[in-house]
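Breakdown of the fold
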Amino acid sequence: SAEPTVLHLPYLEAEEERTSREEWRRAVARVLGVFEETVATKAVLARRTDCNLSEDADPIAVLARFLDASETEPSAEPSTASSPSAPRFGTLFCMQLSPTSAFIGCSPERLFVAEGSRVRTEAVAGTRVRGETEEADALLGAELLASEKDRRENEEVQTYLRVRLANLCSRVSAPSGVQLLKLRHLQHLYVPFDGELRPEHSLCEPALVQPLEQSEGCDLSASASPLPAPASASASTSASASASAPASVPAPAPASASVPVSADFASGSVSASSPALASASSASVLAPLSAASAASTLPNDGRRAARATVALLRALHPTPAVCGQPFEVARELIAQLEPSDRGWYAGPFGYVSRGRSEFCVAIRSALVSSPRRLSLFAGAGLVRGSDADSEFLECSDKMRNFRSLFAPALEYSSLPSPNALHGAATVEELARHGLRHFVICPGSRSTPITAAAAAHAGTQTVVMHDERAAAFYALGYARASGRAAVVVVTSGTAVANLLPAIMEASAERVPMLVLTADRPPELRESGANQTVDQVHLFGRYARRFVDVAPPDGSAVGLRALLTNIDTSVAFAHGIDGAAAGPVHLNFMFREPLEPRARSPWDANACLCGARIQAWLRSRRPFTVHAPGLNISPSHEWGLSGAGATADDDARAVAAAARTAGRPSGINSGSSCSSSEAVSSGVSVADVIADADAVAHATPPMGTTTDSVGNGFKRSADPVVG
């Protein structure tokens, strides 16, 4: 199995709130005053937060992380106290506006899905956060169900949908009771609606109507950039489209093709991304979609679906869940009180195809822009009895889905001890490789890694007290996902319980990463109870074994740790066709082991150097495996060639490398004019390869030499393919 591809996200460095809390309080007071003076009953105010990132964000990487979270988090599901419904997922969407700008999101709210003569929609309004425990979560859910304010907010949406659907449907049904829609961070009041469209509003001829799928699942769909215009289309046709016939009409799209559609909340216009609307450079150009333009841009058998979809969009959007009631008053309040334009936020995103269309509401969304900017959007529904501070916090809770992906960088210099540093660096580096599922078997000696895994924003931890069961759990996870789980075990006889699962993982070539804690060298073979020799305990069943030196607060030790982790991940998933399997890292920790216990260390000296600083600023691994280069399974693998002595200087070795035209040779006993390399027990190849002089002297990775190098590249270099 190949090492999984990981798309990395930057860190969140700073935030700028477009609406201060005091401004928000004044705006909410103004809305509540309007409720007393007019017939208005609801208005939705939105907040925008602009975030500065450590580097530009890749929109596709963001969507990939949402998918990754959906694999490791419990499924969101609408449920009642007596009968839970089928699992329900959010809708991922992405509109790539330019190479450096994209509107993305993961919306929990379906505007509608229509197929043939059937249409489904839903009222989603009223919010609470999820609890940290099952008991706390249940209490918050019960509080939401009993909240008069939240029920009134949801009923506004229900009433609106019933009235609007009555104009299009011959039958509309909805359950009598409200349900809970539980998402990753939030839970909402939820009522589904099911309608039978009148024949004139059906998406296809009655004879062609197919049954609508009954599953409550919501497809993970995306609104993509339009296809390039056909070569026969003229420039004027590519640049715009309107209700009148275009100057040149492209060839009809295949009958199975679907047209991504979006809408601008502020202007109220509905638009389609279709071949006729693509510019010569394939940039996204959006134009109003009317019945006439739909007929001119879609194949004949899709025109009816387009017209019916436009009718549904005009009838249902915007709902009181994102605007208010009545629409005119709420929209005027939004224009007066919101300091920034909503843009695409809260607009409908979806697709139209022959006989079927589906749209979500673009909430829980963000605008990715350059340079290094991420703008988050969230809104709160205001009704009589709303509290300004509570609604402000609700908006913050709704932004958590993005904030959790762009967590601030850890302040490594503030960690209390070298143990805490190595624990945090280990978990962070594994997460950067995509290994975010940790199976924890609690114990004292492994506390530095356990505490770091529990505190990391991007990991999932499962606590199991039976080491044998934990190892088999990790084996099953890797079988299902193709990605190794990380098993963390304390020292002693507990480690031996992992052997049966490791033997099976080795035989079946299933990736697994085992992190065991151990005593430092001075406490080994001391006759203490429940201690065993853990060095090479799993023998040939482990693809690689590393006896990781005790943390000493040195820069050499940290760099060696990160490099060892990177190499181990590559071995676990198989290198260049080699068999995947279990890898064993045995961490020696000295006391104190408590997470907050302080032990002297020099952060400035440890975190120095260009490579470590680059690692701290990014979310990419310290080193990555270059395909096609072999790596020796020995811990003392190094750059091969002429031997070097312990007294060699880095620049002298670099000169020899330059003369030979290849990486310099380093044996396990050699040194880079640094005695700490030997005392820390690290591979000297890590030291010499990190020296700037050697880095500039050696040929590019991938250059043929007498022997193969370490198979890794510096993170600052271009990717070796």
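Reference entry: report on the structure contained in this document. (Residues numbered from 1 in each chain as written. Predicted model: local features only at pLDDT ≥ 70, side-chain atom pairs only at ≥ 80, totals over all residues. Heavy atoms only, no water.)

Looking now at the overall build of the protein. Across its full length, the protein carries 21 helices and 26 strands. In the protein, buried positions account for 53% of the 721 residues. Relative to all contacts within the protein whose residues are 6 or more apart in sequence, the contacts with residues 24 or more apart total 77%. Here the protein has roughly 29800 Å² of accessible surface; of this, 53% comes from carbon and sulfur atoms. (Helix = DSSP H or I, 4+ residues; strand = E, 2+ residues; numbered from the N terminus. Buried < 20%, exposed > 50% of the residue type's maximum accessible area, 1.4 Å probe, protein only. Contact = heavy atoms within 4.5 Å. Areas by Shrake-Rupley, 256 points an atom, 1.4 Å probe, with all protein chains shown as cover.)

Counting buried positions along strand 18 (residues 373-382) gives 9 out of 10 residues, so the element sits mostly inside the fold. The pairing of strand 2 (residues 42-53) with strand 18 spans 10 bridges and is classified as antiparallel. Paired with Asp50 across the bridge in strand 18 is Ser375. Pairing of strand 17 (residues 365-369) with strand 18, which is carried by 5 bridges, proceeds in the antiparallel orientation. (Pairing = 2+ DSSP bridges.)

Further remarks concern the sheet that holds strand 22 (residues 512-518). The strand order across the open sheet built from 6 strands is 20-19-21-22-24-23, with neighbouring strands paired in parallel fashion. Because the sheet does not close on itself, it has two edges, and the strands there are strand 20 (460-463) and strand 23 (544-548). When strand polarity is set aside, the average angle formed by the axes of neighbouring strands in this sheet is 20°. For strand 19 (residues 437-440) and strand 20, the ladder comprises 4 bridges, and the chain directions are parallel. Bridged to Ile440 within strand 20 is Val463. Against the sheet, helix 13 (residues 467-481) engages strand 19, strand 20, strand 21 (486-489) and strand 22, with an angle of about 165° to strand 19. Along the sheet, helix 15 (residues 555-572) contacts strand 22, strand 23 and strand 24 (582-588); its crossing angle with strand 23, the most-contacted strand, is approximately 160°. (Axes fitted to C-alpha atoms, helices over the stretch in contact; angles between N-to-C directions.)

A complete count under the given rule lists 34 salt bridges for this structure. Salt-bridge contacts for Lys42 lead to Glu153; the nearest nitrogen and oxygen are separated by 3.7 Å. You can see Lys42 sitting in strand 2 and its partner Glu153 sitting in helix 4 (residues 148-166), a full 111 residues away along the chain. The buried category is assigned to Lys42, whose relative accessible area is 1%. On the accessibility criterion, Glu153 (5% relative accessible area) is buried. A salt bridge links Arg128 to Glu143, with the nearest nitrogen and oxygen atoms 2.7 Å apart. Taken as a pair, Arg128 in strand 7 (residues 118-129) and Glu143 in helix 3 (residues 134-146) lie far apart in primary sequence, 15 residues in all. For Glu143, a relative accessible area of 42% gives the class partly exposed. Ionic contacts of the salt-bridge type, sharing partners, join the residues Lys42, Arg128, Glu143, Lys149, Asp150, Glu153 and Glu391 into one network. (Salt bridge = Lys/Arg side-chain N within 4 Å of Asp/Glu carboxyl O.)

This brings us to the side chain of Asn419. Relative to the elements of secondary structure, Asn419 occurs in helix 11 (residues 418-432). Excluding residues within four positions of it along the chain, Asn419 makes contact with Pro448, Pro551, Phe589, Arg590, Pro592 and Leu593.

Here we come to the packing of aromatic side chains. A complete count under the given rule lists 10 aromatic pairs for this structure. Judged by centre distance (6.1 Å) and plane angle (75°), the rings of Trp24 and Phe392 are edge-to-face. Of this pair, Trp24 sits in helix 1 (residues 21-37) while Phe392 sits in helix 9 (residues 388-398), placing them 368 residues apart in sequence. With relative accessibility at 1%, the residue Trp24 sits in the buried group. Between Trp344 and Phe349 the ring centres are 6.0 Å apart and the planes differ by 75°, which places this aromatic pair in the edge-to-face class. (Phe/Tyr/Trp six-rings, centres within 6.5 Å; stacked < 30°, edge-to-face > 60°.)

The N-to-C vectors of helix 1 and helix 8 (residues 327-337) enclose an angle of 155°; their axes lie 11 Å apart at closest approach. What the angle tells us is that helix 1 and helix 8 run roughly antiparallel. Crossing handedness for the pair helix 1 and helix 8: right-handed. Taking contact as the criterion, the partners of Ala27, Arg30, Val31 and Val34 in helix 1 are, on helix 8, Val329, Leu333, Gln336 and Leu337. For the contact of helix 1 with helix 8, a count of residues per class yields 6 nonpolar, 1 polar and 1 charged. (Parallel < 35°, antiparallel > 145°, perpendicular 65-115°, else oblique. Left-handed = near helix turned anticlockwise from the far one by under 90°. Nonpolar A, V, L, I, M, F, W, Y, C, P; charged D, E, K, R; others polar.)

You can see Trp344 is positioned in the loop between helix 8 and strand 15 (348-353). With relative accessibility at 18%, the residue Trp344 sits in the buried group. Separated by 17 residues in the primary sequence, Trp344 and Val361 have C-alpha atoms spaced 10.0 Å apart.

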